[in-house]
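# Reading the structure
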Amino acid sequence: MESTSKSSSASDQEELEESETSATLPPSPCSFMDCSSISDPLQAKPSSSSSSATSGSAVCLTPPLPPSVEVTSVLTETRLTLDVYRGGAGALPLLWGSLPHHLKRLRYLRLGSEEKSGLEAALEVLPHLTELHSLAIRGHRFYDAHGDPLPGLLTTLPESVSALSFLTHLDISFNQLSSVPSCVLHLPALSSLVLCHNLLDALPPDIDQLSSLTYLSLMGNQLASLPQCVGQLKALQTLDVSYNLLQRLPDEIGSLAGLAKLELSHNKLTELPETMGSLLSLRELVINDNDLLEIPQSLTKLPLLKINSKNNPLGQPLSPSPLLSSSEQKEPKIEELHLGYSQHSFCVSPAGCHVFLPGGAELLFPPGCLQTTARLEWMRRRPERKWVHLEDHEILLSRLLELRPHGIAFLKPVEVCVPYHRAKKKEVVVRKFDGQSWSVLTTVLKKGSPNNCCHPGGRPTRLACSLVQQFSWFMVISRPVKDTCTVTPNGALLVSTSDPAVKLTFPQHSTLETRTITLRVLPASSTDVQALCGDPQATVSPLLCLSQIPDINFLQPVKIQIPLPSGVTGHTVDRTFLHLLHGDPTAQTWTDITSQVHLEITHLYAIFYITHFSWYWLWYTTQQCVSGVVRKVYQRLKQFKVQFLVMQRKSDPPQVLLQCLPADKVDSTVQALSAQYDGPHPSDLCDLLEGEQFFAGFEKGLDISTDSPDCLDGRLRFVFYSSLKNLKEVYIAPAVGQLVPVRGQVSFYRGDIPENLPEEVARKRKGLDSQWLATLPLKLPALNSDNSYIMGERQYPPLNLGDPESGYLTETNLLHISLRIGKDWQRIGINLGLTKEELERIQYKNRDNLHDLVLDMLFCWARGQKAAGSGSVSKLVAAMMESGRTDLAEEIEDIVSIGKKKYTESLRRVGLEEESPSLSEAQQ
């Protein structure tokens, strides 16, 4: 298996990432009364009136806890949790000053380490909490505006922490410790020590003082070796030193008689000591991703040991064959090639190459995959509907990666690794499009190479990797887990991996020929079912999707075991409310077959027998006719509840950001944008399908540039993918003739409604338009005397870069492009050829307004390009590529393409009179 047996710290981190929303509430003042006169201090509630009356004894928890958070929600009789709010550690000294007697009874304490002043104050209080049994001080609990985890700031622990004589669990992971704090070695009761993801390059030679240690995790550090004294940790049961730089292990590791699990993956080990054969208690050894040529025989003789050894050169000769010439004895190291955003072609020789693409994708060409050197190309495509094919319940996890030339054939398989977003409880696979049809490739999931310059020092990219013989289009999707088995005349048993309560038992002689069976299990939310049914007692089992090849009836009934609907047991079930539904996946119809089968009810399961395969779903509801409701609920399983955001940049209200997000991601996104953007509250909940097209239209006195490639009939086009960013930034202006403040709006509409979408889903929610989704308000202030909100001819005179025949950019095009340049302006200006002096002058002139700075830089260059003809456009594209802004380069090319098309159409309308006045109008 992959190295999934990380330390508890790593698994906790995954949970922390999922609780990001709850951990990013804005800080503001909160007060807590002096409770010395109250028998149970935790029963006291904050009160503004009483706080003011007792201001001398009140404790102001500012800024650690938000105003909506009562102290009782983080503090119980023996537990204090201060790592769920940014800067929460700063509340510890304030609580200590108010409730010292209560805090002395604490046994469990969790602190965050992303805020320095609060952390330092909290460390001074720690020695007084002498009853502590568990202490966690971790970083990476919160995230910045870019979604990157904030680093922990803990570099050591005060020596006085050694006074915590009852401490058994210490977690100080995701920090900046360069050595193990000396006080840790003087904690006599310590049994669990978690030091993951720090900067440790060595362990202290006296670490054997921790004689009670049973769990030690050092994952994600910089350890090159382990001290010999590690063998004296006789009580140790779990040791995790994965993701380090270990080249060898000390022989003394064989003395860890109680060791049950040893995690060594992702190191540089070339051999394991023979003494490890003495680890008679060892049950799991993980040595993935090392340089091991062999596993000691002594280890293979341990009868209960499970070894995970993927990605090691096991079985290769220990030394070069004497028959080989000296030139053949050393296998050449494969060359690494790191490409920039502007490098869309590269050369690969017969010696092979490891290519790192911007964004995290990797291509591994093994030696001998080509006969001669070849020039290859790559391109990241926008995930438009014409490129992306998704089946029911599939989710797009990546952008489309195109590799060219499509027809090239390799002598050896080439590994294509595509970066993807995380998928929960689903199967992740690479899908390939060969120009005719889509197919699923055998996929291996792994972490990106640490040599990839796209994430130096950060978390490696998640990669979905497949071996291919030819280049094509590739994307990563997640889909419900598919379990398959082969059924012979001897019978078989198939158990679902996603829900082990689902079992299929095939008796002997149920078939004469061998069949391939496929099972998918789709969970359903009882809350959604109750809302759609209008029945508060309704609940459902998982949906079973069964298929077989060949598709013919079984000779003997097949036994199906399915869990009862949630909340229902064999002792409480009313059988008159149970309905077994049979579904036809082609016609998307459901039939109640309860009366046609015999349902056996146990305490937890329902059992029935069938001779043909389709879809089956067990419902518990008081309604008598449920077929129509079942169809509605099934369609709901394919949709996402989304909300729309419309926000205006504070420094430049005409710059508007539009985004569509799954409902669970809205709060954290709004908070991350609040520093730079203002906007209305998110829209009401809407339902969208994965891959569904929708549009944003500006109304009531607002207008946008229609030259944008994704603007159709005055509306911006989106395609919704739940795991990708459905975001656009546009520049709006008052409609012609508007001289007063504009109170307009932006409305969102469905695109073409898919044909298979049932009427009850496609039907309007409210409003006059059946395709209407949501409407949010926009406000533009009145024009100032200097027209500061209209960026038109007064500030920047008309510019036409290029020529009509080869395509050109207008001042409107440049204004639209400038809105997305942002902090890359200086790098782009250098690549456009502006001098350092010009850039410094522009920066000084617009030092308080980034948007004006970008505009000044872009138009300063454009004014000097009036006579450059078509060459100016190619210069701008090249500068964007060299600056790593491929998105802007692609947009410019799209705008030019539209210009060419308009030019051709205008010639067709007016003949060959290129100087006709209508020509310039057509171009505008």
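Being a predicted model, the structure only gives us computed values, none of them experimental. (Residues numbered from 1 in each chain as written. Predicted model: local features only at pLDDT ≥ 70, side-chain atom pairs only at ≥ 80, totals over all residues. Heavy atoms only, no water.)

### Comments concerning the state of the cysteines
Quick note on the threshold: Cysteine sulfur atoms that pair up within 2.5 Å are treated as a disulfide. Each helix is a run of H or I in the DSSP string that is no shorter than four residues. Each strand is a run of E no shorter than two, and both are numbered from the N terminus.
Under the defined criterion, the tally for this structure stands at 1 disulfide. With its sulfur 2.3 Å from that of its partner, cysteine 417 forms a disulfide with cysteine 465. Between cysteine 417 and cysteine 465, the disulfide has an S-S torsion of 115° and is therefore right-handed. Taken together, the residues span a long stretch of sequence, with cysteine 417 in strand 20 (residues 409-419) and cysteine 465 in strand 24 (residues 462-470) at a distance of 48 residues.

### What about the sheet that holds strand 24?
In plain terms, the rule: Here, strands pair whenever DSSP counts at least two bridges between them. Lines fitted to the C-alpha atoms define the axes, with helices restricted to the stretch that makes contact. Angles between their N-to-C directions range from 0 to 180 degrees.
The 6 strands lie next to each other as 13-15-16-20-24-23, forming an open sheet whose pairing is mixed. For this open sheet the edge positions go to strand 13 (336-338) and strand 23 (444-447), each flanked by a neighbour on one side alone. In this sheet, neighbouring strand axes are inclined to one another by 25° on average, regardless of whether the strands run parallel or antiparallel. As paired elements, strand 20 and strand 24 share 7 bridges and run antiparallel to each other. By the bridge assignment, valine 418 is partnered in strand 24 with alanine 464.

### Structural notes on the pattern of salt bridges
Let me state the cut-off plainly: For salt bridges, the criterion is a side-chain nitrogen of Lys or Arg within 4 Å of an Asp or Glu carboxyl oxygen. Whether a residue is buried, partly exposed or exposed follows from its accessible area with a 1.4 Å probe, protein chains only, as a fraction of its type maximum: under 20%, in between, or over 50%, in that order.
Enumeration over the complete set of coordinates arrives at 18 salt bridges. With its nearest N and O atoms 3.2 Å apart, the salt bridge here joins glutamate 377 to arginine 404. Here glutamate 377 is found in strand 17 (residues 374-381), whereas its partner arginine 404 is found in strand 19 (residues 400-404), with 27 residues between them in sequence. Glutamate 377 gets classed as partly exposed once you look at its relative accessible area, which sits at 33%. Across the salt bridge formed by glutamate 692 and arginine 750, the nearest N and O atoms sit 2.3 Å from each other. Of the two residues, glutamate 692 sits in the loop between strand 41 (686-689) and strand 42 (693-699) while arginine 750 sits in strand 47 (residues 742-750), which places them 58 residues apart along the sequence. Per residue, the accessibility class of glutamate 692 equals that of arginine 750, and both read buried. Connected via shared salt-bridge partners are Arg820, Asp824, Arg827, Arg885, Asp887 and Glu891.

### Brief notes about the packing of aromatic side chains
Put simply, the rule is: Stacked, tilted and edge-to-face are the three classes assigned to paired rings of Phe, Tyr and Trp, where Trp is represented by its six-membered ring and a pair needs centres within 6.5 Å; plane angles under 30 degrees give stacked, over 60 edge-to-face, the rest tilted.
According to the stated counting rule, one finds 21 aromatic pairs in the structure shown. On the basis of an interplanar angle of 20° and a centroid distance of 4.3 Å, the ring pair of phenylalanine 644 and phenylalanine 748 is categorised as stacked. Of this pair, phenylalanine 644 sits in strand 38 (residues 639-649) while phenylalanine 748 is found in strand 47, placing the two residues 104 residues apart along the sequence. According to the relative accessible area criterion, phenylalanine 644 is buried, its value standing at 0%. Given the relative accessible area of 1%, phenylalanine 748 is considered buried. Through a chain of ring-to-ring contacts, three or more aromatic side chains come together here, namely Trp590, Trp615, Trp617, Trp619 and Tyr634.

### Structural notes on empty space enclosed by the protein
Selection criterion: With a 1 Å grid laid over protein atoms only, a set of points is called a cavity when a 1.4 Å probe fits there but cannot get out and a pocket when it is open yet has protein on both sides within 12 Å along at least five of seven lines; lining residues have an atom within 4 Å of a point. Grid points are joined across faces, edges and corners, and a volume is the space filled by probe spheres set on the points. Amino acid classes used here: Ala, Val, Leu, Ile, Met, Phe, Trp, Tyr, Cys and Pro are nonpolar; Asp, Glu, Lys and Arg are charged; the rest, including Gly, are polar.
In total, this model carries 2 cavities of 30 Å³ or more according to the counting rule given. The space that makes up the second largest cavity amounts to roughly 50 Å³. Lining of the second largest cavity is provided by Leu82, Tyr85, Arg86, Gly87, Gly88, Ala89, Gly112, Ser113, Glu114, Glu115, Leu119 and Phe142. Residue composition of the lining of the second largest cavity, by class: 5 nonpolar, 4 polar and 3 charged.

### Description of the side chain of asparagine 221
As a reminder, the rule being used: In what follows, residue pairs with any heavy atoms lying within 4.5 Å of each other are defined as contacts.
If you trace the backbone, asparagine 221 turns up in the loop between strand 8 (215-217) and strand 9 (238-240). Excluding anything up to four places from it in sequence, asparagine 221 contacts Leu195, Cys196, His197, Asn198, Leu199, Leu200, Tyr243 and Asn244.

### Concerning the pairing of strand 17
Pairing between strand 14 (residues 345-348) and strand 17: 4 bridges, direction antiparallel. For cysteine 347, the partnering residue across the bridge sits in strand 17 and is arginine 375. Where strand 17 meets strand 19, 5 bridges bridge the pair, whose relative direction is antiparallel. Along strand 19, the bridge assignment pairs glutamate 377 with arginine 404.

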